Amino acid sequence: MNLKSPAIKYHNWGANIVAMSTTNGDKHPLHQFKNLLTHRQSVVDLETLVTSRKGVSVWPHTTAIALVCGIGGYRMIDVDHSN
């Protein structure tokens, strides 16, 4: 699944994007993202994201994307089902 296009769409709507991977139900970022908490991500930065360890493009390995809250006015509400 190619998530680069939807990531660019959300970015164009004002969000900073974190490329994520899911392994055994656990989600983890594929790149450094601390600077995205306070600074607006450029579209070039988004398109050329590289992994933290190997320095290769994140996009072939991205299985989920996350939007950074606070940037562009984005807020999240997480509702989980409870038994």
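Before reading further, recall that the structure is shown in the block above.
Parameters at a glance
- Residues numbered from 1 in each chain as written.
- Predicted model: local features only at pLDDT ≥ 70, side-chain atom pairs only at ≥ 80, totals over all residues.
- Heavy atoms only, no water.
- Helix = DSSP H or I, 4+ residues; strand = E, 2+ residues; numbered from the N terminus.
- Rg over C-alpha atoms; globule rule 2.2 N^0.38 Å.
- Contact = heavy atoms within 4.5 Å.
- Areas by Shrake-Rupley, 256 points an atom, 1.4 Å probe, with all protein chains shown as cover.
- Lys, Arg positive; Asp, Glu negative; His and termini not counted.
- Charge placed at Lys NZ, Arg CZ, Asp CG, Glu CD.
- Core = buried A, V, L, I, M, F, W, Y, C linked by side-chain atoms within 4.5 Å.
- Buried < 20%, exposed > 50% of the residue type's maximum accessible area, 1.4 Å probe, protein only.
- 1 Å grid on protein atoms, 1.4 Å probe; cavity = no way out; pocket = protein on both sides within 12 Å on 5 of 7 lines; lining within 4 Å.
- Points joined across faces, edges and corners; volume = space filled by probe spheres on them.
- Nonpolar A, V, L, I, M, F, W, Y, C, P; charged D, E, K, R; others polar.
- Pairing = 2+ DSSP bridges.
- Axes fitted to C-alpha atoms, helices over the stretch in contact; angles between N-to-C directions.

(A) Region of the structure containing the overall build of the chain. Across its full length, the chain carries two helices and three strands. Counting from the amino terminus, helix and strand elements in the chain follow one another as α-β-β-α-β. Whereas a compact globule of 83 residues would reach a radius of gyration of roughly 12 Å, the chain reaches 13 Å, a difference of no more than 12%. Along the longest, intermediate and shortest principal axes, the C-alpha atoms of the chain span 40 × 30 × 25 Å. For the chain, the share of sequence-separated contacts (at least 6 apart) that also reach a separation of at least 24 residues comes to 61%. Accessible surface computed for the chain: about 5,800 Å², of which carbon and sulfur atoms make up 54%. Counting 8 positive and 5 negative side-chain charges, the chain places the averaged centre of each group 5 Å from the other.

(B) Quick peek at the nonpolar core. Core analysis: the biggest nonpolar cluster contains twelve residues, these being Ala7, Ile8, Ala15, Ile17, Ala19, Leu30, Leu46, Leu49, Val58, Trp59, Leu67 and Tyr74. Once residues lying within four places of it in the same chain are set aside, the contact partners of Leu46 are Ala7, Ile8, His11, Ile17, Gln41 and Trp59. Counting residues in hydrophobic clusters, the runner-up holds six residues, among them Val18, Leu36, Ala64 and Val68.

(C) Layout of the layout of surface pockets. A volume near 230 Å³ is recorded for the largest pocket. Lining the largest pocket we find His28, Pro29, Leu30, His31, Thr51, Ser52, Arg53, Lys54, Val56 and His61. Counted by class, the lining of the largest pocket contains three nonpolar, five polar and two charged residues.

(D) Main features of the sheet that holds strand E1 (residues 17-23). The strand order across the open sheet formed by three strands is E2-E1-E3, and the pairing between neighbours is antiparallel. At either end of the open sheet lies a strand with only one pairing partner, and these are strand E2 (26-29) and strand E3 (64-67). Neighbour-to-neighbour, the strand axes of this sheet turn through a mean angle of 40°, independent of strand direction. Against the sheet, helix H1 (residues 4-12) touches E1 and E3, its axis set at about 10° to E3.

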